[in-house]
Amino acid sequence: MTTSSPWSGTSSSAETSASSAESLDSQAHSVAIIGAGPRGLSVLERLVALAAERFSSADGDGAGTGVGADTPPAIVIHLIDPYPPGAGIVWRTDQPETLLMNTTIAEQTIFPDSSCSFVSPETAADSGAASDRFGPDMAQWYRDMGGTDPVDATFPSRTLYGRYLRDAYARIRDMAPDFIEIVEHPTKVESVIDLPPVEPFGHTSADPETVPPQLVRCEDGTAIIASAVVLAVGHIPSAQTDERARLAAFAQRSGGLYIPQGLPAEAPVAEVAPGNRVIVRGMGLNYFDLQTLFTHERGGRFDPDPDIAGELRYVRSGEEPRLLLGSRRGVPYRSKPICQAHPRSPWPLRYFTRENIALLAGLDDLDGDRKAGARFNDQLWPLILADLRLAYYSTLSRIRPGAFAGDPGQLREAIAEAVSRHLTRRTWQETRPETRETSAGSGDSAATGAAESREHEGAEAARQGRVTREAFAWSEIEESLVPDPAHRMSLHELLNPLEGREFDSRGPRETNSLHEWMLDFLRNDLHDSLSGPEGSAEKSLFTVLWQSRLLLKELIVAGHIDRVSIDMEICGWFESFVSGICDGPPPQRIAELLALAEAGLVEFIGPDMRIEASPEVAAPADVGATPASGWPAAPTGDPLPQIFTVTSAQVAGDITGSVVIDAASPTNAVSRAADVLVHGMVERGQLTPARLTLDDGREKFLNGLALTPRPYRTIDVEGAVHPRRFALSIQLSSVQWGLAIAANPNTNAATLNDSHAAAAAILDLI
């Protein structure tokens, strides 16, 4: 194996690629992987491992296949990324150590394991052999490096994960056979050009053997001729909406500052001065990174609260800005109930299972060629809801038995009865439409027509979500057994806790103040998380939703869920719901937010925030003045003019600020791509957004690319499949769901299967 790496001090990328291209003879094959973060690294690992398997006999004893019986094919793999391979931009190892992942050490891997469906039964039977053959997951790597923190309860720094990825890349590179050359290009790709075909004029063919290679042009002038291209570009910049563009232009004209959506570690936060009043739109994970950069990284300190276990007190450095927080819901994501006292553990689902889904679809199992065609709202959500209720009330009965006016077992019986009725009354008309075709060919025509009409109406009602209801009044049973509404499970309250509430002020220690309500909300969420899923009924829902999401991802990849249902129902409402409960920060970050609010450095805006650009720019705040909102003055006034005004319809008054930071995650819609590569390929028609035909016949463009089934070859605007171009990562959102989640060990991870399929298809071209 030979490697060219500018990162290790060898020749420049352009020189390396040029000399490599010149040295390739007619038997050489090149692959360009665009994006060398975790997804690109996974493809590289599979290419190296599979090539070693396929051509090892040719390399060793002359019995191989390919270009010659005694010579393996020369393969050049180009890794193109401006950041070092493995870590990429998101997990780069030079970012602040204080930035944390929101998953534990035990939840990461880049290497296959015995759970992967493509691993041979012999290897799968010996999990140790799989680790030795492929490589360690992050937990094993961490222990091998001398780490001692519990891997199921520790949220690592992003740099630690980046070091794991860098070491994984080094392992893959070192294990590559001699006939594979890996060339690193620390640059960006500007375009992928389809070279002219070599067939006679007027002849076209989709045969991979006759499709010409592609020319990959890079920002630094490098040109690579690749027989296969893999797009693993990850998160891409998104074009600003008109509203965001107006705010940015106004800030530039008026002496304020606007920071658009993007990675907080890459944002120009150094331009935010101490004392600036910063309006932050979005309270998800990006916000908590900003919170860290404005406190930990500016010399502030969080000390344990001596009076309340688990809470913190903030010691200012004097370098902090004032943070004004808002979002659509007005509250941050719930923190994960994972800590050293309560490590992450799986929750066995009782009702939302593959067996029950097969039963609903009238299938023996979900492993055959027939697809379930399940609708989420009608068929799958009732099963998830049953598991949520079971977990919630089982936990509540254990930690607070006095909340029940009768035997909690009655609730468990009611849940089981609801599921039983759901499973037995759901399948015939809705999931077996072919029965209508069978009945239409026999019997009296009038009777048949009437039956068909009733069946059609029933099926259509079911499709629209009007049929699936429990056969008994669940609320009556729930209210009779749990008389206090505060103890009942309310998913709506969990999703939108501020809905219907109105506040007279935002100031501390004031009557009907949003500030006081938020302190209670954050404190309750923190202590619930520190109690773990076993000690909090609300946090028990986390484990159910986490496991349900994993199963949903499998079902979507396998094609068992109706595509309209995925888009309109799972992506339409369930994704936001599950993210709010499952994708929050470690408990530490909520403790820090609570401490900052109590220290007067954070003020809450409220839900459905609205930012306006004020044409009448306010004067800088007077040092020592006490704002009318009741807040104590900051140590210094804001040196910038207060050019922005923000309001919430549910909170009286407004707030002014000099800086706006958009902390919401970009949409990652390929139609709004603002990068040179993807935007250009879409403009030229080489790539196109996927389309979905809705129930009413209308077509809708999706955020992800138009792709074939696995191995995910790209489809152009004319509908033609490119046999030598593949796409992975976030742009698979048209065919997968939950793509931001990394490959988890021992789960037959879809990401690893995607990489394996793409690598196998590429090697089939060689």
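Residue indices begin from 1 for each chain and proceed along its sequence in written order. Given that the model is predicted, a residue must reach a pLDDT of at least 70 before its local features are reported, and side-chain atom pairs must reach 80 or more before they are shown or counted; all residues, however, enter totals for whole chains, interfaces and linings. Values reported for side chains reflect all heavy atoms of the structure, with hydrogen atoms and water molecules removed beforehand.

### A look at the overall build of the chain
By definition, any uninterrupted DSSP run of H or I lasting at least four residues is a helix, any uninterrupted run of E lasting at least two residues is a strand, and each is numbered from the N terminus. Looking only at helices and strands, one finds 22 helices and 22 strands in the chain. Whether a residue is buried, partly exposed or exposed follows from its accessible area with a 1.4 Å probe, protein chains only, as a fraction of its type maximum: under 20%, in between, or over 50%, in that order. With 766 residues in all, the chain has 54% of them scored as buried. Each accessible area is a Shrake-Rupley estimate made with a 1.4 Å probe; only the visible protein chains count as cover when residues are assessed. Accessible area of the chain: about 32,400 Å², with a carbon and sulfur share of 51%.

### Focus: the packing of aromatic side chains
When we look at a pair of aromatic rings, we describe it by the centre distance and by the angle of the planes. Each Phe, Tyr or Trp ring, with Trp reduced to its six-membered ring, pairs with another whose centre is within 6.5 Å; inter-plane angles below 30 degrees give stacked pairs, above 60 give edge-to-face pairs, and intermediate values give tilted ones. A complete count under the given rule lists 23 aromatic pairs for this structure. Ring geometry for Tyr-393 and Trp-474: centres 6.5 Å apart, planes at 55°, overall tilted. One end of the pair, Tyr-393, is in helix α10 (residues 376-399); the other, Trp-474, is in helix α15 (residues 474-481), with 81 residues separating them in the sequence. The exposure class of Tyr-393 is buried, given its relative accessible area of 4%. Between Phe-574 and Phe-577, the aromatic rings sit 6.3 Å apart at their centres with planes inclined by 50°, giving tilted as the arrangement. Of this pair, Phe-574 and Phe-577 are both found in helix α19 (residues 563-582), three residues apart, which corresponds to roughly one turn of the helix. Both residues of the pair, Phe-574 and Phe-577, belong to the buried class. Between Arg-171 and the ring centre of Phe-111, over which it is positioned, the NZ or CZ distance is 5.9 Å. Here, over-ring charges are defined by two tests on the NZ atom of lysine or the CZ atom of arginine: distance to the ring centre within 6 Å, and angle to the ring normal within 35 degrees.

### Considerations on the confidence of the model for the chain
In this model, the chain carries an average pLDDT of 87, and 83% of its residues clear a pLDDT of 70 or more. Confidence scores labelled pLDDT are given residue by residue by the predictor and lie between 0 and 100. In this description, contact between two residues means that some pair of their heavy atoms is separated by no more than 4.5 Å. Note on residues 618-636: pLDDT under 50 across the span, and 32 contacts to partners over four residues away in sequence or across chains.

### Focus on the packing of helix α8 (residues 285-294) against helix α20 (residues 587-598)
Axes here mean lines fitted to C-alpha atoms, for a helix over just the part in contact, with angles spanning 0 to 180 degrees between N-to-C directions. Where α8 meets α20, the axes come as close as 11 Å, and the angle between the chain directions of the two elements is 60°. As far as their axial angle goes, α20 and α8 are oblique. When you trace α8 past α20, the crossing you get is left-handed. For the pair formed by α8 and α20, the contact residues are Tyr-287, Phe-288, Gln-291 and Thr-292 on the first element and Arg-589, Ile-590, Glu-592, Leu-593 and Leu-596 on the second. Ten residues, namely Ala, Val, Leu, Ile, Met, Phe, Trp, Tyr, Cys and Pro, are considered nonpolar, four, namely Asp, Glu, Lys and Arg, are considered charged, and the remaining ones, Gly among them, are considered polar. Residue classes in the contact of α8 with α20 are distributed as five nonpolar, two polar and two charged. The labels follow the angle: roughly parallel below 35 degrees, roughly antiparallel above 145, roughly perpendicular from 65 to 115, and oblique for the rest. Crossings are sorted by hand: turned counterclockwise from the far helix by less than a right angle, the near helix makes the crossing left-handed, and turned clockwise it makes it right-handed.

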